[in-house]
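If you want the building blocks of each chain, they are given just below.
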Amino acid sequence: MRQRLLLALAFLAFLPPALRAGGDTLSLGRLEDVVVTGTRVRTDIRHLPMTVTVVDRERLTENMRQNVLPTLQEQVPGLFVTARGMMGYGVSDGGSGMISLRGVSSSAAGLMVLIDGHPQYQGLFGHSVADTYQTLMAERVEVLRGPASVLYGSNAMGGVVNIVTRQMNEDGEHTDISVGAGSYGTFQAEATNRVRRGRFYSVVALQGGRSDNHRPDMGFYQYGGMAKLGYEISPHWEARADLDLTHFAASYPGAVDDPIIGARQWVNRGIAEAVIENHYRNTSGAVSAYYNFGRHKINDGHSPDAEAPTYYFRSNDALSGISAYQSATLFTGNRLTAGIDWQHIYGHAWNRDMATKETTYTAGDDKEDEVAAYLDFRQDLWKWLTLDAGLRLDHHTKTGTEWVPQGGLVFRLTQGGALKAMVSKGFRNPSIKEMYLWGPANDELEPERLVTYELSWKHQPGEGRFSYGVNVFYIKGDNMIQTQMVDGKPMNVNTGEIENSGAELEWNWRVNKHWQLNSNYSYLHMKNKVIAAPEFKGYLGADYTVGNFSLAAGLQYVDNLYTQVSDTDGNVKENFWLLNATLSYRVCKCVTLWAKGDNLLARRYEINYGYPMPRATFMGGVNVSL
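Quick caveat: nothing in here was measured; it's all calculated off a predicted structure.

### Notes on the overall build of the protein
Each helix and strand in the protein was counted, giving six helices and 36 strands. Judged by the C-alpha coordinates and their principal axes, the protein covers about 70 × 60 × 55 Å. Considering only intrachain contacts with a sequence separation of at least 6, the fraction spanning at least 24 residues in the protein is 61%. Element-wise, carbon and sulfur atoms account for 57% of the exposed surface of the protein, whose accessible area totals about 26000 Å². In the protein, 59 positive and 66 negative side-chain charges are present, and the distance between their average locations comes to 7 Å.

This is how it looks when you write it as structure tokens:
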């Protein structure tokens, strides 16, 4: 407890003196963020009752990471991502990349990842696939902390991570190339070309990477790319389409005290989207179609004293859908958004003999459909008060109909501050795996449900150089799906509960033209402990620029991270400090050299139980902009 208190005091010590004195000496300013995630259309965050953290491209790219998730873990309070090595998350038994937010996890499909507002998850198992969320595609990432099921339906129970993809806004052409290499044979490269010619624009990007990682038989490689084409049909109408393809392969040796031989995964994932948008003075909306698909081949390996499997586990899955919404201002201070969604979810799994290529066992082949309509009403009652209310009617072919309400108030008590109160329901339909695959399957499962209550305060005093936010929350849920013994055999049943509460703090301070500081801190209390959700997480980052030199450094602290929760074997917890830094030097207008180090304190720690993380690692490279 003393260590946690010292940590909190250390973070607060970096707050500007005027704020620690109470803030009375600061002039009032404005809140800068305009977001799309909480309302489907671009909206000033001061008018939304939900809590949204925005991580822009400058922050996403400053540490030369190919994936957005490590940066989100640093920048978003309450968000944590599991990892097992220097590069690559993988899937299946040896995988990681599980995202948790306030103790609600993506591994159980309770947290949704979106790309331009469209859901992205594995159709068969219902979870996100972390290795596909590449930095090269992202203009910014918006993280809504709390249920978003009114707008996004099932799987947005605990919140959403929305990756907003890049485009080209000004006429011309830009090409960016980045190449780097470092510890454990790690190599990464990416190239992006963006073009705008009048009404037409395009973004084309390619990326690749590989690493041996820090343990034998833990190699990883990945390559892929994305293409986006857009055309402004008129001043009010725009059409765009994009395609993203990723292939990766990963090996894993098992836990250090329970080794595995021959375990390997080969995964292909793809995303295709087409959108037509309209933008008028008092109304705007879009119609879109999307298709998210995957092909997986997995060898789960074997223990040293067991026979090697003679088959691969194979699976295909797809998530396709159509979404349409229109938002309109009916009278002064009003915004009404109405939308409809349709989704088709497909998954097929089987075993294929390695020698004969014949199917030896079919685990499942199923399809589900989901159709929904929603309405979100927002009204400025006075200049200082906004009311927001939303309702979704969602129908699933297997679990039936679900009503999803939410409501909130925003009090703009000062010119630069907003006090928000929010209550919202989230839900998750059971996955195809939980209902139909293998022994514990139960086709009578019902949706999981939870309700979140949240109170938050966000303030940007002065001229916008400093901003901060504080919020407290309480989550109560039931019907959580767990595997228990029923009539002498394991079965998935709706028996679990969730009761979490906590507090979060974040602030950002541009001290002067050379220095910028940012920090966040989160506390999570869980009545029922879960893995990969630390009770305490803090981060302090500093950016320093002088001349052609730039330094970005960050110190992260994690405490009471449960890596194993067991009634029989007991709970296992981790706590650790991580210091990362990136130094860059701009040689000329087009060329920048960089070097970075992760875990510079060389701490020994685990995030996945039995998978020790690497000590200090280093990389260096060059960026070219044309």
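### Considerations on the side chain of N623
Position of N623 relative to the elements: it lies in strand β36 (residues 617-625). The exposure class of N623 is buried, given its relative accessible area of 18%. A polar contact is formed between the side chain of N623 and the side chain of W594, at a distance of 3.1 Å. With sequence-adjacent residues up to four places away left out, N623 is seen in contact with M64, I177, S178, V179, C590, V591, T592 and W594.

### Comments concerning the state of the cysteines
In total, this model carries zero disulfides according to the counting rule given. Free of any disulfide, C588 has its nearest neighbouring cysteine sulfur in C590, separated by 5.4 Å. Relative accessible area serves as the criterion here: at 37%, C588 is assigned to the partly exposed category. Take C590: its relative accessible area is 30%, and that puts it in the partly exposed class.

### Some remarks on the nonpolar core
Counting residues in each nonpolar core, the largest one holds 38 residues, and the members touching the most others are M112, Y152 and V160. Of all elements in the fold, only β7 (112-115), α5 (149-152), β15 (237-251), β18 (264-279), β19 (283-299), β20 (311-328), β21 (334-353) and β22 (359-382) reach the threshold of two or more residues within this core. Not counting chain neighbours up to four residues away, the residues in contact with Y152 comprise V36, T37, R40, M112, L114, G117, V160 and R392. L60, V113, M226 and L561 belong to the second-largest nonpolar core, a separate cluster that totals 36 residues.

### Some thoughts on the pattern of salt bridges
Any two side chains of opposite charge can pair, so long as their charged atoms come close to each other. Here the structure, examined in full by the defined rule, presents 26 salt bridges. The shortest N-O distance in the salt bridge between K425 and E402 comes to 2.8 Å. With K425 in strand β25 (residues 417-428) and E402 in strand β24 (residues 400-414), the pair connects residues that are 23 residues apart, well separated along the chain. The class for K425 is buried, based on a relative accessible area of 16%. Connected via shared salt-bridge partners are R102, R145, E454, E504 and E506.

### Here's the deal with the packing of aromatic side chains
What the rule picks out here adds up to 16 aromatic pairs. Aromatic side chains F466 and W507 sit 6.2 Å apart centroid to centroid with 35 degrees between the ring planes, which places their arrangement in the tilted category. Pair noted here: F466 is in strand β27 (residues 466-486) and W507 is in strand β28 (residues 489-510), with a separation of 41 residues, a long-range link. For the pair shown, F466 and W507 are each scored as buried. Among the aromatic residues, those joined into a ring-pair cluster are F125, F313 and W438. Here the basic side chain of K297 rests over the ring of Y312, its NZ or CZ set 4.7 Å away from the ring centre.

### With respect to the sheet that holds strand β6 (residues 104-105)
With antiparallel pairing, three strands are arranged side by side in an open sheet as β4-β5-β6. A single partner strand is all that each edge strand has here, and the edge strands are β4 (79-81) and β6. As defined by bridge partners, strand β5 (residues 99-101) adjoins β6 across two bridges and the pair is classed as antiparallel. Within the sheet, the bridge partner assigned to L101 lies in β6 and is V104.

Parameters at a glance
- Residues numbered from 1 in each chain as written.
- Predicted model: local features only at pLDDT ≥ 70, side-chain atom pairs only at ≥ 80, totals over all residues.
- Heavy atoms only, no water.
- Helix = DSSP H or I, 4+ residues; strand = E, 2+ residues; numbered from the N terminus.
- Contact = heavy atoms within 4.5 Å.
- Areas by Shrake-Rupley, 256 points an atom, 1.4 Å probe, with all protein chains shown as cover.
- Lys, Arg positive; Asp, Glu negative; His and termini not counted.
- Charge placed at Lys NZ, Arg CZ, Asp CG, Glu CD.
- Buried < 20%, exposed > 50% of the residue type's maximum accessible area, 1.4 Å probe, protein only.
- Polar contact = N/O pair within 3.5 Å; in protein donor to acceptor, adjacent residues only side chain to side chain.
- Disulfide = S-S within 2.5 Å.
- Core = buried A, V, L, I, M, F, W, Y, C linked by side-chain atoms within 4.5 Å.
- Salt bridge = Lys/Arg side-chain N within 4 Å of Asp/Glu carboxyl O.
- Phe/Tyr/Trp six-rings, centres within 6.5 Å; stacked < 30°, edge-to-face > 60°.
- Lys NZ or Arg CZ within 6 Å of the ring centre and 35° of its normal.
- Pairing = 2+ DSSP bridges.

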